[in-house]
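Below, each chain spelled out in residue letters.
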Amino acid sequence: MRASIDDQKLVNLPILGDARGSLCVIEGERDTSFPIARVYYIFGTAPGVSRGFHAHLALRQLAVCVRGSCTMILDDGNSRRSVILDRPDLGVTIGPMIWREMHDFSEDAVLMVLADQCHNETDYIRNYDAFLAMVHAS
Ligand code: T46
């Protein structure tokens, strides 16, 4: 089945708060549609720098900007959607065959990503024309 940006869902995480402050929890397979195999986070992004510019063949992820903000562009090869991640209780799912770009990082941004597989460079499609060719061949 062809990937669609409409299937990349915004996830509102419940905030468990009390007088001490707030706490969000993400449990694999309960709050994600996949088991969590890896967590990584991006921080200290230099002003004006954008990241991403690739798709994955199989990887499924949930991205949450736990501090600060950034803009996530999602592209299924036919249309693009822009999601502003600016709350620690807001995530976006990113499935296979979705081109992603991350822009507009605030100075304090910490983008945390939960993934269902360990890092594997052979899962990346880093050339946009090659990505489009794969989408339109399928
Ligand atoms: C994604 C977006 C949202 C590793 O060795 N292990 C890892 O788990 C990751 C994520 C990266 N790396 C290495 C590979 C590169 O040498 O760290 C370096 C930077 O990775 P990359 O240029 O792919 O980073 P971004 O910010 O462009 O993309 C990352 C993820 O790689 C990607 O899967 O979906 O964040």
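Everything below is about the structure shown above.
Treat the numbers as computed from the prediction; the structure is a model and nothing was measured.

The rules behind these values
- Residues numbered from 1 in each chain as written.
- Predicted model: local features only at pLDDT ≥ 70, side-chain atom pairs only at ≥ 80, totals over all residues.
- Heavy atoms only, no water.
- Pairing = 2+ DSSP bridges.
- Helix = DSSP H or I, 4+ residues; strand = E, 2+ residues; numbered from the N terminus.
- Axes fitted to C-alpha atoms, helices over the stretch in contact; angles between N-to-C directions.
- Salt bridge = Lys/Arg side-chain N within 4 Å of Asp/Glu carboxyl O.
- Phe/Tyr/Trp six-rings, centres within 6.5 Å; stacked < 30°, edge-to-face > 60°.
- Buried < 20%, exposed > 50% of the residue type's maximum accessible area, 1.4 Å probe, protein only.
- Near = heavy atom within 4 Å.
- Polar contact = N/O pair within 3.5 Å; in protein donor to acceptor, adjacent residues only side chain to side chain.
- Nonpolar A, V, L, I, M, F, W, Y, C, P; charged D, E, K, R; others polar.

Visitor: Talk me through the sheet that holds strand β11 (residues 110–115); I want residue IDs and the actual numbers.
Guide: The strands making up a sheet associate through backbone hydrogen bonding, with each pair oriented either parallel or antiparallel. The 5 strands are arranged β1-β9-β6-β11-β4 in an open sheet whose pairing can be described as antiparallel. Edge positions in the sheet fall to β1 (10–12) and β4 (38–43), since each of these pairs with one other strand and no more. In this sheet, neighbouring strand axes are inclined to one another by 25 degrees on average, regardless of whether the strands run parallel or antiparallel. Sheet topology places strand β6 (residues 61–67) next to β11; 6 bridges connect them, and they run antiparallel. Its bridge partner being in β11, Q61 is matched across the sheet by A115.

Visitor: So what about the pattern of salt bridges? Which residues, and what values?
Guide: Counted by the stated rule, this structure contains 8 salt bridges. Notably, a salt bridge pairs R30 with D31, separated by 2.9 Å at the nearest N-O pair. Between R60 and D116 there is a salt bridge, and its shortest N-O distance comes to 3.0 Å. Separated by 56 residues along the polypeptide, R60 in the loop between β5 (51–56) and β6 and D116 in the loop between β11 and β12 (124–125) bring together distant segments of the chain.

Visitor: Can you lay out the packing of aromatic side chains for me, pointing to particular residues and giving the numbers?
Guide: Summed over the entire model, instances satisfying the criterion amount to 4 aromatic pairs. Aromatic pair W99 and Y128: ring centres 4.9 Å apart, planes at 70 degrees, arrangement edge-to-face. Of this pair, W99 sits in strand β10 (residues 99–103) while Y128 sits in helix α1 (residues 128–137), and the two are 29 residues apart along the sequence. Note on Y128: relative accessible area 29%, which makes it partly exposed.

Visitor: How would you summarise the site of the ligand if you had to cite specific residues and measurements?
Guide: Surrounding the ligand, one finds 13 residues, the nearest of these being R38, R51, H56, R100 and Y124. Between H54 and the ligand, the recorded distance is 3.4 Å, taken from a side-chain N or O atom to an oxygen atom. Counting only elements with at least two residues in the shell around the ligand, the list comes to β4, β5 and β10. No other element matches β5, which puts 4 residues into the shell around the ligand. For the shell around the ligand, a count of residues per class yields 4 nonpolar, 5 polar and 4 charged.

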